[in-house]
Amino acid sequence: MNAVGHHPGTSTVSRRAVIPLLRRLRSAEGAANPRPVWAALHELGDVVPAPWGGYFVVGFDACNEVLRGRKWQSTDFDWQQRQDNPERWSDLATREMTRTLPRLNAPAHTCQRRAVGTPFDRASLEALRPMIAALISSLLDELEAEIRAEGHADFMRVVGEQLPALSVGEWIGIDRADHAHLLDFTHRQVYAQELLPTRSQLAVSEQATLEMREFFTRLIRERRARPGDDVLTQWIAHFDASSGGDRAAADQIIYDLTMFVTIASLETSAVLLGNTVHLATSDPARAAWLTAHPEHIASTVEEALRWDAPISINSRVASEDLVLAGVPIPRDTTVHVMYGAAAHDPRRNPDPDTFDPLRRGGHLSFGGGPHYCLGAGLARLEAQELLGQVLKRFPTLRAVTPPVFDDTRLVFRRLVSLDVQI
Ligand code: HEM
């Protein structure tokens, strides 16, 4: 999702000013609580120079403008080829991502997006609800059994990571026996989408990409041979028909789509699920109030999305000379939209560091404009159903220790563990 380019630019803030803040974000403390760093970024301005060239966009309105504006483009293959260092984009893991939806611009993006349609409209979500509710109920059985036996359990391992794999697995048609492997290579693959991946991170990502390729290629081959009642079967039928007999081209699009949708849904939804349950239950008074007022569960999930955007940063490039929040941005300059910081802009959400389920605040955690998240409805449904069942079943569920976040990533947040008791 992200890209760092080398470009000139002008701003009154020094390019070095942001270095200590990035270091803090990459520390255990910053990963656990990035909010003070976001506040410090807001002090520097809406558009803050990045040390390597390009800019961080932290103001809510400026982020919104970039995501929705037609003149801000995804960092696609053509852009990568125009860089002074095209070799930066040539590793296997990065190349694999370059063909996926978020890295495409119109018309290729429009074409693929149209083919996928609106998979999670209101009617489809209502049809999925009983299946999601049943999955949650059985995962909470497992959580309860482990807590009764051990006194505590890791909510992320038992529930938070499993639910997205089970629901997207049902939708695409992926065997339960494969979920552990799927989660494992997905966690490793996302390093290639970091802002400045190290060589060793790219190597980890490359190995994961090979495993991912093998997995999804086999899955598609088997589904062609034995069609099912799932979305992958529908994509195969659609792209086979629209590719004019070019089976290799159809296979490539189906692979890119299936692989990306899976990664996009696993890495992000788990963070939302863990955060929602933790934020709703960490204060006993809030948990009791929500149990008595389940009508506020949906707005609690929205506040959890605002509080901590699972994808924290995303990049775009200026397709011509532009001005953003008063800062001139030359053509081809990369800007890094900071979703988390945007949602903590005090002009958009006053008193941003207070968690308030009734705030009706604004966030951009699912992006905006042509690339708006395709799975937002499914992620919301999972989080709302999960919180409802947790409150009903375990009214005294609490974290035993503070949640642990991965401090090796800036782009995809990862809630590694959340130890709970009931
Ligand atoms: C809490 C969970 C999730 C979060 C926070 C999230 C966030 C995002 C964000 C920020 C984008 C980029 C938008 C942009 O570039 O402007 C995105 C794109 C996307 N998401 Fe999600 N996502 C989540 C869950 C899911 C799920 C469950 C699926 C699929 C079942 C999914 C599929 C996609 C796809 C396919 C795209 C690319 C859309 C495009 O470029 O046209 N996401 N998501």
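See the structure printed just above.
Remember, it's a predicted structure, so these values are computed and weren't measured experimentally. (Residues numbered from 1 in each chain as written. Predicted model: local features only at pLDDT ≥ 70, side-chain atom pairs only at ≥ 80, totals over all residues. Heavy atoms only, no water.)

Novice: I would appreciate a short explanation of the overall build of the protein chain in the present structure.
Specialist: Tallying secondary structure elements over the protein chain gives 18 helices and twelve strands in all. Over its C-alpha trace the protein chain gives a radius of gyration of 21 Å, about what one expects of a compact globule, namely 22 Å for 422 residues. Its C-alpha atoms give the protein chain principal-axis dimensions of roughly 60 × 55 × 40 Å. Residues classed as buried in the protein chain amount to 56% of the 422 residues present. Taking contacts inside the protein chain between residues at least 6 apart in sequence as the whole, the part at least 24 apart equals 73%. Roughly 17400 Å² of accessible area belongs to the protein chain as shown, and the carbon and sulfur atoms make up 53% of that amount. Each charge class in the protein chain was averaged separately, 45 positive and 53 negative side chains, and the resulting centres sit 3 Å apart. (Helix = DSSP H or I, 4+ residues; strand = E, 2+ residues; numbered from the N terminus. Rg over C-alpha atoms; globule rule 2.2 N^0.38 Å. Buried < 20%, exposed > 50% of the residue type's maximum accessible area, 1.4 Å probe, protein only. Contact = heavy atoms within 4.5 Å. Areas by Shrake-Rupley, 256 points an atom, 1.4 Å probe, with all protein chains shown as cover. Lys, Arg positive; Asp, Glu negative; His and termini not counted. Charge placed at Lys NZ, Arg CZ, Asp CG, Glu CD.)

Novice: Explanation requested: the packing of helix α14 (residues 247-281) against helix α16 (residues 297-307) in the structure shown.
Specialist: To characterise two packed helices, one gives the angle between the axes of the helices and the distance between these axes. The geometry of α14 relative to α16 is characterised by a closest axis approach of 9 Å and an angle of 110 degrees between their N-to-C directions. Accordingly, the angle class assigned to the pair α14 and α16 is roughly perpendicular. You can see that α14 and α16 cross each other, and the crossing is right-handed. Of the residues in α16, those in contact with Leu272, Thr276, Leu279 and Ala280 of α14 are Thr300, Val301, Ala304, Leu305 and Trp307. A breakdown of the residues in the contact of α14 with α16 according to their chemical character gives seven nonpolar, two polar and no charged. (Axes fitted to C-alpha atoms, helices over the stretch in contact; angles between N-to-C directions. Parallel < 35°, antiparallel > 145°, perpendicular 65-115°, else oblique. Left-handed = near helix turned anticlockwise from the far one by under 90°. Nonpolar A, V, L, I, M, F, W, Y, C, P; charged D, E, K, R; others polar.)

Novice: Got a minute to help me understand the coordination of the iron atom of the ligand in this structure?
Specialist: Each angle at a metal carrying four tetrahedral donors should ideally be 109.5 degrees, and each at a metal carrying six octahedral donors should ideally be 90 or 180 degrees. Among protein residues, the single donor to the iron atom of the ligand is Cys373 (SG), with a metal-donor distance of 2.3 Å. With respect to the helices and strands, Cys373 occurs in the loop between α17 (339-343) and α18 (376-393). (Donors = N, O, S within 2.8 Å, 3.2 Å for Na, K, Ca; no water.)

Novice: When you look at helix α8 (residues 122-150) in this model, what are you seeing that I'm missing?
Specialist: Residues spaced three or four apart along an α-helix face the same direction, because each turn holds 3.6 residues. Here α8 spans 40 Å end to end across 29 residues, near enough to the 42 Å set by a 1.5 Å rise per residue. Largest kink in α8: about 40 degrees, centred on Leu128, with the proline Pro130 one to four residues after it. If you follow the buried residues of α8, they end up packed against β4 (153-154), α9 (155-160), α10 (162-172), α18 and β12 (419-421). Looking at the residues trailing α8, positive phi occurs at Gly151, about 95 degrees. (Expected span 1.5 Å × (residues − 1). Bend = angle between axes of the 7 residues up to and from the residue.)

Novice: Just to check I follow, could you spell out the state of the cysteines for this structure?
Specialist: As enumerated under the stated definition, the model contains zero disulfides in all. Here Cys63 stays free of any disulfide, with the sulfur of Cys373 as its closest cysteine sulfur at 17 Å. Classification of Cys63 by relative accessible area gives buried; the value is 0%. (Disulfide = S-S within 2.5 Å.)

Novice: Looking at this model, I keep getting lost on the nonpolar core. Mind explaining?
Specialist: Within soluble globular proteins, side chains that are nonpolar generally end up buried alongside one another. Membership of the largest hydrophobic core comes to 114 residues, with the highest contact counts inside it found for Leu143 and Phe216. Here this core gets 14 residues from one element, more than from any other, and that element is α14. With residues near it in sequence (within four places) discarded, Leu143 still touches Ala153, Phe155, Val158, Val159, Phe394, Leu397 and Val420. In this structure, Ala280, Ile297, Leu387 and Leu391 belong to the second largest nonpolar core, which totals six residues. (Core = buried A, V, L, I, M, F, W, Y, C linked by side-chain atoms within 4.5 Å.)

Novice: It is not clear to me how the packing of aromatic side chains should be interpreted in this structure. Could you clarify?
Specialist: For any pair of aromatic rings, the description consists of the separation of the ring centres together with the inter-plane angle of the planes. Under the criterion given, the structure shown has eight aromatic pairs. Consider the rings of Trp52 and Phe56, whose centres lie 5.7 Å apart with planes at 75 degrees: the pair is edge-to-face. For Trp52, a relative accessible area of 15% translates into the label buried. When the centroid spacing of 6.3 Å and the interplanar angle of 65 degrees are considered together, the rings of Phe366 and Tyr372 count as edge-to-face. The class for Phe366 is buried, based on a relative accessible area of 10%. It is Arg348 that lies over the ring of Phe60; its NZ or CZ is 4.9 Å from the centre. The aromatic ring of Tyr191 is capped on one face by Arg409, whose charged end is 5.9 Å from the ring centroid. (Phe/Tyr/Trp six-rings, centres within 6.5 Å; stacked < 30°, edge-to-face > 60°. Lys NZ or Arg CZ within 6 Å of the ring centre and 35° of its normal.)

Novice: So what exactly am I meant to see when it comes to the site of the ligand here?
Specialist: Close contacts around the ligand come from 28 residues, with His109, Arg113, Arg316, His371 and Cys373 the closest. Between the ligand and Asn314 there is a distance of 3.0 Å, counted from an oxygen atom to a side-chain nitrogen or oxygen. In this structure, an oxygen atom belonging to the ligand sits 3.0 Å away from a side-chain N or O atom of Arg316. Breaking the shell around the ligand down by element, the ones donating at least two residues are α7 (108-116), α14 and β5 (313-318). (Near = heavy atom within 4 Å. Polar contact = N/O pair within 3.5 Å; in protein donor to acceptor, adjacent residues only side chain to side chain.)

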